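Secondary and tertiary structure notes
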Amino acid sequence: MSNTGTLYKMELKKILMKKIVWIMLAIGIVMFISNVLPIIGENNIVFPDGTSMSVYEAIRIQKNTSESISGKKIDDSLLNKMRNDIRAFLADKEDLPYKGRNKSDTYPGIWFAARKLGYEDFMTKLYNQFGDADDPNKKIMECTAGEYYRMVRDNLDYTFENEGVTEEEKAFWIQKFSGSGSDITYEYAAGWNEFADPFVIYIWFAFLLISVSLAGTFSEENAFRTDAVILSAKNGRTPVCLAKLWAGITVAAVEMVLIIGINMAVCLGTYGIGGWNAPLIMIAPYTAWNITVGQAFTLLIWLSLVMSVVFAVFTMFLSRLSGKSMAVIAVQFAIFFICLFSIPNNQGLISRLWEIRPTGFLNIYTFMEYRLFKIRGSYLDVFQMGTVIYIIIIAALIPVICHTYKHMQIKSR
Amino acid sequence: MELVLDRLTKQYSNKIAVDRVSARLKPGVIGLIGANGAGKTTLMRMICGILKPTGGTVTFKNGSQLDVSEEMYRDILGYLPQDFGYYPDFRGRDFLMYMAALKGLDKKTAKRKCDELLKIVNLENAADKKIKTYSGGMKQRLGIAQAVLNDPKILILDEPTAGLDLKERVRFRNLIAELGKDSIVILSTHIVSDVEHIADRILMMKDGQFIYDGECDEIGMDLEEFYLREFDREV
């Protein structure tokens, strides 16, 4: 009998009995939850007229107002409704010392009014497009819907230019963008927005947690001196190796799901669960992807699971080769550190490949990356290319791990 | 049934640990004695297939022939290494169940064998305690239990009595003598008294070579005296 099931459970037990795994997970949970503590805490927003409200109250007002206009197309009628409400609110407050939060003085107090009335989320969507204008507040208060849609397109063109996108690549994205660029429906998706912003931090943390959890998968057998009895047993070679790999992959995937799940629950619990069907532009202002927020997160979460497998297999590969847990963690931390740097766009293929680094491409900003990989006449975007590369890495590393473990010899101690 | 060592050699960069060792080992208890550094552990590791020889072969013959690298060979092998390791947070019973799974025993047989062996090695009452709470002797007894879980045809015991008290040594010797009736038991030690009462055959090792290979009965004198005389003669 190969006893794969029993060996798998035992390998899971070996990983989970490490205290450091639980300590790190607990630190992560506390760290992520503490991100929202100021929201539910005592922190108050004080307004220029002397009134105040808690952050939680401000979110509640924003949610109510935003949900009342959710599902409406961004057109002149919706813009005017917001402006009329703001003007009415500010009508008797001309002497307020409050100024706009940017260069403009044309419409002082509109952000104060937006927060009081709950229009801040909607107004931020407008600001995201007009933010670089000379007077963004004026644009927000006076532009037509047509101007807004032209600005969306101009911003997209600017992003293309900034990234050095070729004409062919531009044509590829414009085709995707067509149909979505002149007909945007507002949806309240603040929960998803808050969840999306630090997505890459979840991936970094998962990367470190997986590294700590699995660094000893192979090397600890040497440290515990259990390698001799394992390797001399009937199932001590291939079955044990496969059990270790499956257990490691399971732990990594569960850890990734836990980290993502906890953060999703915290963000959606605080800001509201709405926005799954919102157009992606609601949380990624310069995107050409004509998909919903839900579709974008489905893609990100699936890719995160793929990446958890990559992290797991790579960690176990290092554990197998180095034979020392600390060496594995040191290498992983070095990789993590190097991945913090970015390579400028003008470095061609190197910078494009660098975008696919483990902690680089799994975030909402990748939906605003437009450089493509041309392979045999077909274009692959960063997500597709990342998936292909990482699946190749997994497929290459697993046989190497199994082969070297099968022929592993005991080192002198 | 025999285990054939044919010109087995292990050479490290600056030292020959085992030097062209040959022997045909039949069922019974074989005492492998030699000073520390004689090459006993290296030889045993090669017999267990966890250390690749520089030259020579290890073959098990029992009708058919099995090479040391085959799964079927490992299926009939039991091994207690000199530096027997364990998982500190595992309970004794869990560790044995894990070893049983490694050795290919089905769940029912594994449970029966574990209970039986825990009783034999006197760990019944400590079976559900974590191994990190065990004394040195208890860990060694657990190691002995795991080695015989699969009723091995070849049983390799490297310094098995380390850490055992006198009473445990006697109990252990009886167990080994019993196992030696049907299996090839190689018991390595540098303590001569460990093997003199139970070994059918003695292999003396020095500087990677056998300096004596013969039946215990042929020695005709106290084994320890004989051991010292053989070593002195070599010097």
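What you see as residue numbers is a count from 1 along each chain, following the sequence as written. Chains carry letters and ligands carry numbers; both start at the beginning, A for chains and 1 for ligands, and go up in the order they are written. Under the rules for a predicted model, residues below a pLDDT of 70 receive no local features and side-chain atom pairs below 80 are neither given nor counted, while totals for whole chains, interfaces and linings still include all residues. Each side-chain value is derived from all of the structure's non-hydrogen atoms; neither hydrogens nor water enter the calculation.

With respect to the overall build of chain A
So the rule is basically this: Working definition: helices are DSSP H or I runs of at least four residues, strands are E runs of at least two. Numbering for both runs from the N terminus. Burial here depends on accessible area, computed with a 1.4 Å probe over protein chains only, as a share of the maximum for the residue type. Under 20% is buried, over 50% is exposed, and the range in between is partly exposed. Only heavy atoms matter for contacts: two residues are in contact if any of them lie within 4.5 Å across the pair. By the counting scheme adopted, Arg and Lys are positive, Glu and Asp are negative, and His together with the chain ends is not counted. Note that the charge is assigned to NZ on lysines, CZ on arginines, CG on aspartates and CD on glutamates.
In terms of regular secondary structure, chain A is built from 19 helices and six strands. Along the longest, intermediate and shortest principal axes, the C-alpha atoms of chain A span 85 × 55 × 35 Å. Counting the 413 residues in chain A, one finds 52% classified as buried. Summarising the internal contacts of chain A: among those between residues at least 6 apart in sequence, 74% fall at separations of at least 24. The average position of the 39 basic charges and that of the 37 acidic charges among the side chains of chain A differ by 14 Å.

Some remarks on the overall build of chain B
Going by this rule: Just to be clear, the radius of gyration here is over C-alpha atoms, and the globule rule we use is 2.2 Å times residues to the power 0.38.
Summing up its helical and strand segments, chain B has nine helices and 10 strands in all. Expected size for 235 residues packed as a compact globule is a radius of gyration near 18 Å; at 18 Å, chain B falls within 12% of this value. Its C-alpha atoms give chain B principal-axis dimensions of about 50 × 40 × 35 Å. Expressed as a percentage of the 235 residues in chain B, the buried residues total 58%.

Regarding the domain arrangement of chain B
Residue and element names in this part refer to chain B. For the record, the criterion: Each domain span listed reflects an automatic or database assignment of domains. In short, buried area is how much 1.4 Å probe accessible area vanishes from two parts on joining, totalled over both. Note on definitions: salt bridges are taken to be side-chain nitrogens of Lys or Arg within 4 Å of carboxyl oxygens of Asp or Glu. Whenever a nitrogen or oxygen atom comes within 3.5 Å of another N or O atom, the pair is scored as a polar contact, on the condition that within protein one atom can donate a hydrogen and the other can accept it, and that pairs from neighbouring residues in sequence are kept only if both atoms are in side chains.
Here chain B is described as being made up of domain 1 (26–39 + 48–53 + 64–76 + 152–235) and domain 2 (87–151). A straight line from the C-alpha centre of domain 1 to that of domain 2 covers 23 Å. Listed as interface residues are 18 residues of domain 1 and, on the opposing side, 13 residues of domain 2. Between domain 1 and domain 2, roughly 1,100 Å² of surface is buried when both sides are summed, and carbon and sulfur atoms account for 61% of that area. Scanning the region where domain 1 abuts domain 2 turns up one salt bridge. Between E168 and R141 there is a salt bridge whose closest N-O contact spans 2.9 Å. Counting every contact that joins domain 1 to domain 2 gives five residue pairs in polar contact (both at pLDDT 80 or more). Broken down by secondary-structure element, the contributors of at least two residues to the side of domain 1 that touches domain 2 are α2 (71–75), β7 (154–158) and α6 (166–179). Per-element tally for the side of domain 1 that touches domain 2: the top contributor is α6, with five residues.

Quick notes on helix α15 (residues 238–271) of chain A
Put simply, the rule is: By this rule, a helix spans an expected 1.5 Å times one less than how many residues it contains.
Helix length check: α15(A) (34 residues) gives 49 Å between terminal C-alpha atoms against 50 Å at 1.5 Å per residue, within 8%. A positive phi of about 105° marks G272(A), the residue just after α15(A).

Considering the domain arrangement of chain A
Residue and element names in this part refer to chain A. Domain annotation of chain A identifies domain 1 (4–37 + 191–406) and domain 2 (72–186). The straight-line distance from the C-alpha centre of domain 1 to that of domain 2 is 36 Å. Listed per partner, the contact involves 20 residues of domain 1 and 23 residues of domain 2. Of the roughly 2,000 Å² buried at the junction of domain 1 and domain 2 (both faces included), carbon and sulfur atoms supply 59%.

Here we look at a negative patch on the surface
Residue and element names in this part refer to chain B. Spelled out, the test is: Here the term patch refers to residues with relative accessible area over 30% and no salt bridge, with like charges joined within 9 Å and nonpolar side chains (Val, Leu, Ile, Met, Phe, Trp, Tyr) within 5 Å. Computed with a 1.4 Å probe, the accessible areas rest on the Shrake-Rupley method; for each residue, only the protein chains presented here act as cover.
Residues D200, E215, D217 and E218 make up a contiguous surface patch of negative charge. Relative to the helices and strands, D217 resides in helix α8 (residues 216–219). Look at D217 and you get exposed, because its relative accessible area is 74%.

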